[in-house]
Each structure stands twice: as structure tokens, then as C-alpha cells.
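Residue-level structure breakdown
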Amino acid sequence: MELKRLFRPTLLEIHNRNIRFIIPVIINIAVKFLMFLWVQLSINNRPELFSYRSWLEMFTIWDGGWYNLIARYWYEDIPMDPPIPIEQLFAFPPGFPALIRALGFLVGDFLISQAVIALFFGIVWIPLFQLVAEEYLSQEESFSATLIASLFPIVFIFTTVGYSEGLFLTLILSSWLLYLRNKHLPASILAAGASLVRWLGSLIVAPFFVESVIRKRFGRALLYTLPVLSQITWFYYGYLRTGNIFVVFEAQKYWKNRLFWSQFAEPALFQKNPPFSFNLPYTESFMGLALCLLAIFILFAAKVYEIDWKLGAYFTLTLIFIIYSGSIISYPRFLSFIFPLWFLFRMKRDWRLIPASLTLGFLNLITGYLFARWVFLG
């Protein structure tokens, strides 16, 4: 009780001023700094455990390396040993590498460009999330949901390193906020941009389109076809470069052995042979967790509908597409970035945020270290 009395008045004062938007940003910047510092100290102490000598090279680990290569060479065969065919690159939409490429030409270094863009948008999305949250929750609840979402280890790491998630969240949250404020053209333009960062960005306009049709605002509904047009343009560009209109799906063939529907659902429901043996390394250790994760997220979807049906519709559509087409081993990352999820993790008593934030911050040091060691985290 004394702890509540000590912290609650001070933090309530924070909620009543604009500083409530600054606090989560400052905390995130501090944790990012500590994480990179910890990684660099780890490299210095045990250099034999790492494949590089600077924390900056964390930005080209896993998919970060693909984004960097596309920024350097764009969508054409990459002269490596062995060469990387152009078809493989079209699994990665152009939005994020285009920004890296543009800034890279200005600063003369694509690695620095990637780090700057990833870190910038990895911070910008945080106050945007809080603004959207305040459209549905109290300032106190929004503050806590923002801190929890931004410090959750999977969200934190992939909005810190050289991935497109920070840019994606920035665009979809901006689009949602503009829709709520009846600025429909810019909302649709930003949603189209999100669809060129991650194709799931197209789904954000589905509830906007449906509500516009229900209200017989057909001109507004037409505006929200822009993300679909952007995807058609992207497919057409792929056709011009490769002669294959569906080249975007070409690289995904590698991941068929990790799709939930073909690898596990169809064999169980329809007695079909799975495309690959069940005896894959991750099967026994991960499938129980994946099934529980999906079950929990179905319950989360029901709770999100209680906040707003449009949030629930976006949540459900994204969940369905992830289950059907997403790699099972990437479920933790994909599911963590369904932004309405985090509206459920709100606290009305601010003192609880202190131990929660400290715990999440500590876990982020471990998460960053694991990622730096090339551990696959989603």
C-alpha cells in the first residue's frame, strides 16, 4: 500500500501533461542504448562467440541482411558466390529497402543508413501507438499499454534492429489515427505505403472499406482501394523484372515445410501426407507452443472486439492470414505485431509498471544478446 501511495500521485501528474508521450520514448531509447552497449561489451569479452566486431553489424543479421543487399543492388541478380537470383529477392517488399537505398546514397554508407532508419522508426511508432490507444482507453491505461507493448522483447528487438517492423507500425498506426480523425485520403495513402513494407498492411483498410460501404460513403470506400492498387503495381513491377506475375511468392516456396495449414492442419484433418517429414528439428519442441499460442490469440481476438469491431476485424483478418501463409517458426514475431493486441495489456494502477518495465527491460538485454549471436527469434 505504501508503494502505491509513493508512486501513484507522481505518475498521475505525468498523465495530465504531454510528458506522458515522452516517458515511453526516453525509456525505450535508454534500453536500446543499454542493449547495444551490452552486446558490444560481450563482443569485446568473448570475440570468438561472434561473427563480427561491432554492434552496428547487428542490423544485417537474418532478414536485415536481405534488406541491405536489396538496398545496395536493388531487384536484380546479386553478384555473390553463389549468385543470388532476382526471384529470391521479391519475397521482400520495396518500401523499407527503398528508404535505406535513398539515404544510403546521401550518407555514402548503406549500413549506417539502415541503422538510422530502423532506429528512427523504431521510436516514432511509440507515441503514435499511444495516440491511437487514447482513442479507446484512458490516458492512464494508454500510457501503461504503450510501455508494455514497446518493451515486450519480440516487439522491442524487431523495432530496434535492421528490420521493417518499426516503419510498418509507424505507417499503419498513422493510417488508423487519420481514419479516426476523418482524414481518409492520407489514411489510405499511408495504408498503401504500409502494404509496400509488409503485404499484411493491405488488411488495415478492410474494416475502413466495410464501414464506408455500410454508411453508403462509396466515394470514401473507393479511396480505400489504394493499398490494393499499390499491390497490383508491385506485382506488375515483378512481372517487368522477371516475366513472372507471381514472382512475389516465388521465394516463399522454400518455407512450405513450415506452413501450419499444409504441414499440420491438412494431414490431421484430411489425412493428407505432409509436404515434408514431421521429424523436422523444430517440430517436437515448438508445435505444442504454436498451438497454444494460436488458441490464446483466438481468445485475444474476442476481447479486442469488445473495444471496437474494426480493431477486432483487423486483428482477425491478420491472424487468419498469418496462420494460413506465415511460417510457424515466425509466429512469435508476426503475432506480436498485431497492434490491437496490446490494448488488452493495460494497467489502471501505475505502480505496477515499475517492476513490469524493469523486468521487460532486463529481458531485452538477453534478447539482444541472443539475436547478436544469430539465434533465430522469429
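Just above, that's the structure.
Right, let's walk through the structure included here. (Residues numbered from 1 in each chain as written. Predicted model: local features only at pLDDT ≥ 70, side-chain atom pairs only at ≥ 80, totals over all residues. Heavy atoms only, no water.)

Focus on the overall build of the protein chain
Counting its secondary structure elements, the protein chain contains 18 helices and zero strands. The C-alpha radius of gyration computed for the protein chain amounts to 21 Å, which stays within 12% of the reference 21 Å derived for 378 residues, consistent with globular compactness. Projected onto its principal axes, the C-alpha positions of the protein chain cover 65 × 65 × 50 Å. Residues counted as buried form 51% of the 378 residues belonging to the protein chain. As presented, the protein chain carries roughly 18,000 Å² of accessible surface, and 68% of it is formed by carbon and sulfur atoms. (Helix = DSSP H or I, 4+ residues; strand = E, 2+ residues; numbered from the N terminus. Rg over C-alpha atoms; globule rule 2.2 N^0.38 Å. Buried < 20%, exposed > 50% of the residue type's maximum accessible area, 1.4 Å probe, protein only. Areas by Shrake-Rupley, 256 points an atom, 1.4 Å probe, with all protein chains shown as cover.)

Thoughts on helix H14 (residues 260-270)
Turning to H14, its buried residues are Phe 260, Ser 262, Gln 263, Phe 264, Ala 265, Glu 266 and Pro 267. At the C-terminal side of H14, Gln 271 shows a positive phi close to 55°.

Some thoughts on empty space enclosed by the protein
To locate leftover empty space, one rolls a probe as large as a water molecule over the atoms. Applying the stated rule across the entire model yields one cavity of 30 Å³ or more. In this model, the largest cavity occupies a volume close to 50 Å³. Lining of the largest cavity is provided by Trp 125, Phe 129, Val 155, Leu 169, Ser 336, Phe 337, Ile 338, Phe 339 and Trp 342. Class assignment of the residues belonging to the lining of the largest cavity gives a composition of eight nonpolar, one polar and no charged. (1 Å grid on protein atoms, 1.4 Å probe; cavity = no way out; pocket = protein on both sides within 12 Å on 5 of 7 lines; lining within 4 Å. Points joined across faces, edges and corners; volume = space filled by probe spheres on them. Nonpolar A, V, L, I, M, F, W, Y, C, P; charged D, E, K, R; others polar.)

Description of the side chain of Thr 170
Residue placement: Thr 170 occurs in helix H9 (residues 165-180). Thr 170 sits in the buried class, given a relative accessible area of 7%. Of note is the side chain of Thr 170, whose polar atom sits 2.8 Å from the backbone oxygen of Gly 166. Beyond its immediate stretch of four places on either side in the chain, Thr 170 contacts Phe 121, Val 124, Trp 125 and Leu 128. (Polar contact = N/O pair within 3.5 Å; in protein donor to acceptor, adjacent residues only side chain to side chain. Contact = heavy atoms within 4.5 Å.)

Regarding the layout of surface pockets
The computed volume of the second largest pocket comes to approximately 240 Å³. As for the second largest pocket, its lining consists of 13 residues, of which Phe 152, Leu 293, Phe 297, Pro 332 and Ser 336 are closest to the centre. Those elements giving two or more residues to the lining of the second largest pocket turn out to be helix H15 (283-307) and helix H17 (331-336). Of the residues forming the lining of the second largest pocket, the biggest block, five residues, is contributed by H15. Of the residues contributing to the lining of the second largest pocket, the split by class is 12 nonpolar, one polar and no charged.

Structural measurements only, silent on function.
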